[in-house]
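A structural walkthrough
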Amino acid sequence: MAEIVKPAKEKAALVVFSGELDKALAAFNIATTAAAMGMDVTMFFTFWGLNIIKKNEGQLQSSGWMEKMLNWMNRGGSKRLPMSKFHMFGLGTGMMKALMRKRRMPSLDEMIQTAHKLGVHMIACNTSLGLMNLTEEALIPEVEGVAGAATFVGIAQESKISLFI
Amino acid sequence: MNADIKADAILDCVGLYCPMPIIQTTEHIAGLEAGQVLEVVADDKGIVTDMPAWCKGTGHEYLGMQQQGGEYHVFVRKKHG
């Protein structure tokens, strides 16, 4: 019997560098749609983008006074992200979240869960984690693992879509 | 489109914005048999161009659309294999 060979999925690769709510929503909007359209999607979270995939609960564990200070000022977590405009000490962002609920738009957390369900690969940049003296422990379990730039470039080389957000 | 096309399942996406109708279509079509027809009802105008694009990307068959007031009824036939 002839083996049925499925055509390889087309790939999409996203660098998520920004840690703001609006940019994170845009990134997950594109990522989930690409996955829904049958693409194999990888999101590579680096620098401020790590804030999107940090756990919301608990304290960030790190050593060194500069690292501790950075992680205190840059706590992150999907529920704490500011907007890139009109954050206004949380007032603007709170109003935007209320508007999103009113229009029955999914929250960032729901988008992350949807992406995970659709098989989107979420990878954290090991250099950024190292810089902030964090380990994978600080990240949500949906994150598949850590990798370096060569891994991303390798995926991007094979991808039809590459985005930097 | 053929007016007497019959849907095997209906997905109500009224009130939802992009990309939710497409995401929910992806989830719902997985539960259908090949050849069955899914009717998606939405009031976000994006569906008019998004659903044909989704069909082109996934290989499912776009059968057409009917506009009833502010609602769009879009028909998709699940592909084989």
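The numbering scheme is per chain: residues are counted from 1 as the chain's sequence reads. Here chains are named by letter from A upward and ligands by number from 1 upward, in the order in which they appear as written. Totals for whole chains, interfaces and linings use all residues, but because this is a predicted model, local features are given only for residues with pLDDT of at least 70 and pairs of side-chain atoms are given and counted only at 80 or more. To get the side-chain values, take all heavy atoms of the structure and skip hydrogens and water.

Moving on, we come to empty space enclosed by the protein. Residues and elements named next belong to chain B. Any residue with an atom within 4 Å of a point lines the site, the site being either a cavity, points on a 1 Å grid over the protein atoms alone where a 1.4 Å probe fits but cannot get out, or a pocket, an open set with protein on both sides within 12 Å along at least 5 of 7 lines. Grid points are joined across faces, edges and corners, and a volume is the space filled by probe spheres set on the points. Applying the stated criterion across every chain yields a total of 1 cavity of 30 Å³ or more. Volume-wise, the largest cavity comes out at about 40 Å³. Lining the largest cavity we find Cys18, Pro19, Pro21, Ile22, Asp44, Gly46, Ile47 and Asp50. Only DSSP runs of H or I with at least four residues qualify as helices, and only runs of E with at least two residues qualify as strands; both kinds are numbered from the N terminus onward. For the lining of the largest cavity, the elements supplying multiple residues, two or more each, are α1 (20-29) and α2 (47-58).

Our focus in this paragraph is the pairing of strand β2 (residues 40-45) of chain A. Successive side chains on a regular strand alternate, one facing one side of the sheet and the next facing the other. Residues and elements named next belong to chain A. Burial analysis of β2 places 5 of its 6 residues in the buried class, the great majority of the element. Pairing between strand β1 (residues 11-16) and β2: 6 bridges, direction parallel. Along β2, the bridge assignment pairs valine 16 with phenylalanine 45. Classification remark: right-handed applies to a crossover when, strands pointing away from the viewer, the course from the first strand over the helix to the second runs clockwise. Crossover handedness for the path β1 to helix α1 (residues 21-36) to β2: right-handed. Here a strand pair is declared whenever DSSP counts at least two bridges between the two strands. Where β2 lies against strand β3 (residues 121-125), 4 bridges are found, and the strand directions are parallel. By the bridge assignment, phenylalanine 45 is partnered in β3 with alanine 124. Under the scheme applied here, a residue whose accessible area is under 20% of the maximum for its type counts as buried, over 50% as exposed, and between as partly exposed, the area being computed with a 1.4 Å probe on protein chains only.

Here we take up the nonpolar core. As a rule of thumb, nonpolar side chains are buried together in soluble globular proteins. All names here are of chain A. Each nonpolar core is a collection of buried residues, namely Ala, Val, Leu, Ile, Met, Phe, Trp, Tyr and Cys, held together in the definition by side-chain atoms within 4.5 Å. Counting residues in each nonpolar core, the largest one holds 55 residues, and the members touching the most others are Phe28, Val41, Met43, Phe45, Ile52 and Leu108. A contact between two residues is defined here by any heavy atoms of the two lying within 4.5 Å. Those residues in contact with valine 41 that sit more than four places away from it in its chain are Ala12, Leu14, Ala31, Ala34, Ala35, Gly119, Val120 and His121. Core analysis: the next-biggest nonpolar cluster, separate from the first, contains 9 residues, Ala13, Phe44, Ile123 and Ala156 among them.

What follows covers the sheet that holds strand β4 (residues 145-147) of chain A. Residue and element names in this part refer to chain A. The 5 strands lie next to each other as β4-β3-β2-β1-β5, forming an open sheet whose pairing is parallel. Bordering the open sheet on either side are β4 and β5 (159-164), each of which pairs with just one other strand. The mean angle between the axes of side-by-side strands here comes to 25 degrees, regardless of whether they run parallel or antiparallel. Only the stretch in contact is used when fitting a helix axis, every axis being a line fitted to C-alpha atoms; angles between N-to-C directions are given from 0 to 180 degrees. Against the sheet, α1 engages β1, β2, β3 and β5, with an angle of about 155 degrees to β2.

Here we take up the pattern of salt bridges. Close approach of charged atoms allows side chains with opposite charge to pair. For salt bridges, the criterion is a side-chain nitrogen of Lys or Arg within 4 Å of an Asp or Glu carboxyl oxygen. Tallied over the full model, the rule gives 6 salt bridges over all chains. Between A:Glu158 and A:Lys11 there is a salt bridge; the shortest N-O distance is 2.6 Å. In this pair, A:Glu158 sits in the loop between α6 (149-157) and β5 while A:Lys11 sits in strand β1, placing the two residues 147 residues apart along the sequence. A relative accessible area of 53% places A:Glu158 in the exposed class. Between B:Glu27 and A:Lys117 there is a salt bridge, and its shortest N-O distance comes to 3.4 Å. Of this pair, B:Glu27 sits in helix α1 while A:Lys117 sits in helix α4 (residues 108-117), placing the two residues on different chains.

Residues and elements named next belong to chain B. The 4 strands lie next to each other as β1-β2-β4-β3, forming an open sheet whose pairing is mixed. Every interior strand has two partners, whereas the edge strands, β1 (9-13) and β3 (61-68), have only one. Averaged over all adjacent pairs, the angle separating strand axes in this sheet is 20 degrees, with direction ignored. With 6 bridges joining them, strand β2 (residues 37-42) and strand β4 (residues 71-77) adopt antiparallel strand pairing. Bridge assignment links valine 37 to a residue of β4, and that residue is arginine 77. Contacting β1, β2 and β4, α1 runs over the sheet at an angle of about 155 degrees to β1. The strands touched by α2 within the sheet are β2, β3 and β4, with β4 carrying the most contacts at an inclination of about 10 degrees.

Residue and element names in this part refer to chain B. Remark: α1 packs on α2, axes separated minimally by 10 Å, with the N-to-C direction vectors making an angle of 40 degrees. Classified by the angle between their axes, α1 and α2 sit oblique to one another. Crossing hand, α1 versus α2: right-handed. Contact with α1, carried on its side by Pro21, Ile22, Thr25, Thr26 and Ile29, involves Ile47, Asp50, Met51 and Trp54 of α2 and no other residues of that element. In these notes the angle categories are as follows: under 35 degrees is roughly parallel, over 145 is roughly antiparallel, 65 to 115 is roughly perpendicular, and the rest is oblique. Handedness of a helix crossing follows the sense of rotation of the near helix relative to the far helix, less than a right angle counterclockwise being left-handed and clockwise being right-handed.

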